[in-house]
Amino acid sequence: KTSGDVGVFAKDASDGKTTAQVRLRYLKSYEHMGAIDVSCHGGCTCVPMVVDAHWDEKRSTTGSAEWTVTPAELRGDNSAECLVRLEVRDDPPRPENKSGFKFKLIGMNLSW
């Protein structure tokens, strides 16, 4: 597997909001595209998920995935950190996509 820790953030949570929405934008296409495992580490939690960049339409477009991140604990200054890990899967989730292991990240946004 190939992995990358792509998101580290800190937030002053003194306003009472202790969860964040993370949105991932990626290339979605019909050829050679794979999938990634998404997980959270380093002071936060999220529900692990699989993002599949392959689809059957004969065109490429931008796909998106969104999930909630919760800090495990706030530090003394009311800040929190999170490390989001994206890991390319060795096995494509669709059996018909045997040659697809590519995943192109376009962007990642965080909103509190």
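So, a few notes on the structure that sits alongside this text. Source: prediction; values computed, not measured.

**Here's the deal with the overall build of the chain**
Stage number 1. A count of helices and strands for the chain gives 0 helices and 8 strands.
Stage number 2. Start at the N end of the chain and walk to the C end: the helices and strands fall as β-β-β-β-β-β-β-β.
Stage number 3. Split into buried and exposed, the 112 residues of the chain put 34% on the buried side.
Stage number 4. Looking at the chain alone, contacts between residues at least 24 apart form 82% of all its contacts between residues at least 6 apart.
Stage number 5. Of the accessible surface of the chain, which amounts to about 6400 Å², a share of 47% is contributed by carbon and sulfur atoms.

**Here's the deal with the pattern of salt bridges**
Stage number 1. This structure, assessed with the given rule, holds 3 salt bridges.
Stage number 2. One salt bridge connects Arg-89 with Asp-37, and the closest N-O pair in it is separated by 2.7 Å. With Arg-89 in the loop between β7 (79–88) and β8 (105–111) and Asp-37 in strand β3 (residues 35–41), this pair connects stretches of sequence that are 52 residues apart. Of the two residues examined, Arg-89 and Asp-37, each falls in the buried class.
Stage number 3. Measuring nitrogen to oxygen at the nearest pair gives 3.0 Å for the salt bridge that ties Glu-57 to Arg-59.

**Points about the sheet that holds β8**
Stage number 1. Across the sheet, 4 strands lie side by side as β4-β6-β2-β8; this open sheet has antiparallel pairing. Of all strands in the sheet, those with a lone pairing partner are β4 (44–45) and β8, marking the two edges.
Stage number 2. Note that strand β2 (residues 20–28) and β8 share 6 bridges and pair antiparallel. Bridge pairing in β8 places Arg-23 opposite Asn-109.

**Some thoughts on the environment of Arg-25**
Stage number 1. Structurally, Arg-25 can be placed in strand β2.
Stage number 2. On the basis of relative accessibility, which here comes to 30%, the residue Arg-25 falls in the partly exposed class.
Stage number 3. For the pair Arg-25 and Lys-104, spaced 79 residues apart in the sequence, the C-alpha separation amounts to 8.9 Å.
Stage number 4. What Arg-25 contacts, discounting residues up to four positions off in sequence, is Thr-62, Gly-63, Leu-105, Ile-106, Gly-107, Met-108 and Asn-109.
Stage number 5. At a separation of 2.5 Å, a polar atom in the side chain of Arg-25 contacts the side chain of Asn-109.

The rules behind each value
Residues numbered from 1 in each chain as written. Predicted model: local features only at pLDDT ≥ 70, side-chain atom pairs only at ≥ 80, totals over all residues. Heavy atoms only, no water. Helix = DSSP H or I, 4+ residues; strand = E, 2+ residues; numbered from the N terminus. Buried < 20%, exposed > 50% of the residue type's maximum accessible area, 1.4 Å probe, protein only. Contact = heavy atoms within 4.5 Å. Areas by Shrake-Rupley, 256 points an atom, 1.4 Å probe, with all protein chains shown as cover. Salt bridge = Lys/Arg side-chain N within 4 Å of Asp/Glu carboxyl O. Pairing = 2+ DSSP bridges. Polar contact = N/O pair within 3.5 Å; in protein donor to acceptor, adjacent residues only side chain to side chain.

Purely spatial values, then, with no claim about function.
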